[in-house]
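Residues per chain are reported as follows:
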Amino acid sequence: MTFVAKGSRRVSVTPEVAFDLLADHASWPAWMPQSFRPTGTPEGGLRVGKKIRVRIGGLPGATTIKVSEVRRPTEIAWQGGARGILFADHRFLFEADGDRGTQITSLETWSGVLAPLVRVFVQPMAERIGGQMLEGIARAVAS
């Protein structure tokens, strides 16, 4: 069983500019929302295989996510959880939208045996946090 949390936001910059902001892990503390904060000191850029510790919205303690895709300027993805039990795959897709505009889509797919049991709680939380991340990107690229 799987379910998807989805959101999107248009920003008035090119896909490269929006992508580069999210790919710059070191910049996250300046714009990432409180509901998704890196722990420790973020360094460098995202690359496939990079592990990042984050605090996610109200969950006790930090969790580790692993970057699974970095394709400039179209996609960044990371994953976390326990495969088969409760596992999330979060993707940001960047699509050109007119002259110097980008539609950014946040798409998080949850799977595993616990997914149907926690959907009622997790899906709204994931959509809220994904929306806050999109808002943070929009604010950062506008400044």
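Residues numbered from 1 in each chain as written. Predicted model: local features only at pLDDT ≥ 70, side-chain atom pairs only at ≥ 80, totals over all residues. Heavy atoms only, no water.

Enquirer: Tell me about the overall build of the chain, and please be specific about residues and values.
Expert: Within the chain, the secondary structure is distributed over 3 helices and 7 strands. Over its C-alpha atoms the chain spans a radius of gyration of 15 Å, differing by no more than 12% from the 15 Å that the globule rule assigns to 143 residues. Judged by the C-alpha coordinates and their principal axes, the chain covers about 45 × 30 × 25 Å. Residues classed as buried in the chain amount to 43% of the 143 residues present. Excluding contacts between residues fewer than 6 apart, the proportion of contacts in the chain whose partners are at least 24 apart in sequence is 49%. Within the structure as shown, the chain displays about 7300 Å² of accessible surface, and the carbon and sulfur contribution to it stands at 54%. Distance between charge centres in the chain, computed from 18 positive and 13 negative side chains, equals 7 Å. (Helix = DSSP H or I, 4+ residues; strand = E, 2+ residues; numbered from the N terminus. Rg over C-alpha atoms; globule rule 2.2 N^0.38 Å. Buried < 20%, exposed > 50% of the residue type's maximum accessible area, 1.4 Å probe, protein only. Contact = heavy atoms within 4.5 Å. Areas by Shrake-Rupley, 256 points an atom, 1.4 Å probe, with all protein chains shown as cover. Lys, Arg positive; Asp, Glu negative; His and termini not counted. Charge placed at Lys NZ, Arg CZ, Asp CG, Glu CD.)

Enquirer: So what's going on with the packing of aromatic side chains? Which residues, and what values?
Expert: Under the definition given, this model contains 6 aromatic pairs. Each ring, one from Phe3 and one from Trp110, has its centre 6.2 Å from the other, and the planes form 10°; the classification is stacked. In this pair, Phe3 is assigned in strand β1 (residues 2–11) and Trp110 in strand β7 (residues 102–111), connecting sequence segments 107 residues apart. Neither Phe3 nor Trp110 differs from the other in exposure class; each is buried. Ring geometry for Trp28 against Trp78: centres 5.5 Å apart, planes inclined by 55°, an arrangement best described as tilted. Of this pair, Trp28 sits in helix α2 (residues 28–31) while Trp78 sits in strand β5 (residues 75–82); the two residues are 50 residues apart in sequence, bridging distant segments of the chain. (Phe/Tyr/Trp six-rings, centres within 6.5 Å; stacked < 30°, edge-to-face > 60°.)

Enquirer: Help me get a handle on the layout of surface pockets, residues and values and all.
Expert: Empty space among the atoms becomes apparent when a probe as large as a water molecule is rolled across them. Within this model, the largest pocket holds a volume of roughly 400 Å³. For the largest pocket, the lining is made up of 20 residues, of which Ile56, Leu59, Thr63, Ala88 and Trp110 are closest to its centre. Listing elements by their share of the lining of the largest pocket, those giving two or more residues are β4 (63–71), β5, β6 (86–96), β7 and α3 (115–142). Taken together, the residues that form the lining of the largest pocket break down as 13 nonpolar, 5 polar and 2 charged. (1 Å grid on protein atoms, 1.4 Å probe; cavity = no way out; pocket = protein on both sides within 12 Å on 5 of 7 lines; lining within 4 Å. Points joined across faces, edges and corners; volume = space filled by probe spheres on them. Nonpolar A, V, L, I, M, F, W, Y, C, P; charged D, E, K, R; others polar.)

Enquirer: Tell me what's going on with the pairing of β7, and back it up with residues and numbers.
Expert: Relative to β7, β1 runs antiparallel, the two sharing 10 bridges. By the bridge assignment, Lys6 is partnered in β7 with Leu107. Pairing analysis gives 10 bridges linking β6 to β7, with the strands arranged antiparallel. What sits directly across from Phe92, in β7, is Ser106. (Pairing = 2+ DSSP bridges.)

Enquirer: Hey, could you go over the environment of Trp78 for me, with residue numbers and the actual values?
Expert: With a relative accessible area of 3%, Trp78 lands in the buried category. Sequence-wise, Trp78 and Phe92 are 14 residues apart; in three dimensions their C-alpha atoms are separated by 9.1 Å.

Enquirer: Any details on the side chain of Ser35? Residues and values, ideally.
Expert: Its place among the elements puts Ser35 in the loop between α2 and β2 (36–38). Under the relative-accessibility criterion, Ser35 is labelled buried at 10%. With near-sequence residues (within four places) excluded, Ser35 lies in contact with Arg55, Ile56, Gly57, Arg128, Ile129 and Gln132.

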